[in-house]
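Inside the fold
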Amino acid sequence: GVTRETLDVILSQLVDSRLLRVEERDDGLAYELAHDYLLSEIKPDPDVQKRKEAQEMLEQETRAYSRFKTLLTEDRLKVIEPYQSELRFTPEAQKLFDTSRAKVQRERRASERRRNAFVIGAIVIAVVMTLLGLFGLNRSQEASAQASTAEVAKVEAQTQAKIALSRQLAAQ
């Protein structure tokens, strides 16, 4: 980081060269770019910008947590976590972060358990349906075999009846 003294020297040089304007306010000094065209020349580092956004989000969410005891969502945790080691955590912000992370992890595990239970249930149903299908196929094959046996017995009985009738007619 930059020391306060170094920052003061740099700001003074920018004010002296008329690149920045300084204004006194109740809460301290405020600095403003003297020329709007300078804005297009200043390209903030994307990583620095994201870290700043994460810090601002953490501070905003900590204020909401103080008032309403609302925890961070999984999406907000994903914004803050990559910069965790670089952010300033107050004790309350740390409590919010740790509590939110624990809750999200519990929710993930519960979701994973529900998903696993669903998959296991689906597998059990598939196995039961397969066994019932095989049982039904076996019963169908047995019934078909019995029908064939009955048809053979019927044909044989008809043949025996014809033979008996022929013998009877021949005996007459």
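Residues numbered from 1 in each chain as written. Predicted model: local features only at pLDDT ≥ 70, side-chain atom pairs only at ≥ 80, totals over all residues. Heavy atoms only, no water.

What follows covers helix α3 (residues 46-68). Over its 23 residues, α3 runs 32 Å from end to end, which matches the ideal 33 Å to within 8%, given 1.5 Å per residue. Taken as a whole, α3 has its buried residues at Ala54, Gln55, Met57, Leu58, Glu61, Thr62 and Tyr65. Contact partners of the buried residues in α3: α4 (74-80) and α5 (91-171). Following α3 by one or two positions, lysine 69 adopts a phi angle in the positive range, close to 60 degrees. (Helix = DSSP H or I, 4+ residues; strand = E, 2+ residues; numbered from the N terminus. Expected span 1.5 Å × (residues − 1). Buried < 20%, exposed > 50% of the residue type's maximum accessible area, 1.4 Å probe, protein only. Contact = heavy atoms within 4.5 Å.)

Before going further, it helps to examine unusual backbone geometry. The backbone phi angle of arginine 18 is positive, close to 60 degrees, even though this residue is not glycine. By the secondary structure assignment, arginine 18 is in the loop between α1 (4-16) and β1 (20-25).

A few words on α5. Along its 81 residues, α5 runs 118 Å from first to last C-alpha, staying within 8% of the 120 Å computed at 1.5 Å per residue. Every buried residue belonging to α5 is among Ala93, Leu96, Phe97, Ser100, Val104 and Ala110, and all of these are buried. Looking at the buried positions of α5, the neighbouring elements they touch are α3 and α4.

With that settled, the discussion passes to the nonpolar core. Leu58, Leu72, Leu77, Ile80, Leu87 and Phe97 are the most contacted members of the largest nonpolar core, which has 13 residues in total. Mapped by element, the contributors of at least two residues to this core are α3, α4 and α5. Dropping the residues within four chain positions of it, leucine 58 is found in contact with Ile80, Leu87, Arg88, Phe89 and Ala93. (Core = buried A, V, L, I, M, F, W, Y, C linked by side-chain atoms within 4.5 Å.)

According to the stated counting rule, one finds eleven salt bridges in the structure shown. In this structure, the salt-bridge partner of arginine 76 is glutamate 61, at a minimum N-O distance of 3.3 Å. Placement of arginine 76 in helix α4 and of glutamate 61 in helix α3 is noted, with a sequence separation of 15 residues between them. Look at the salt bridges and you will find they share partners, linking Asp47, Arg51 and Glu86 into a network. (Salt bridge = Lys/Arg side-chain N within 4 Å of Asp/Glu carboxyl O.)

The next thing to look at is the confidence of the model for the protein. Summary statistics for the protein give a mean pLDDT of 94 and a share of 99% for residues scoring 70 or more. Taking the mean pLDDT of every element in the protein, the minimum, 76, falls on helix α2 (residues 37-41) and the maximum, 98, on α4. (pLDDT = per-residue confidence, 0-100.)

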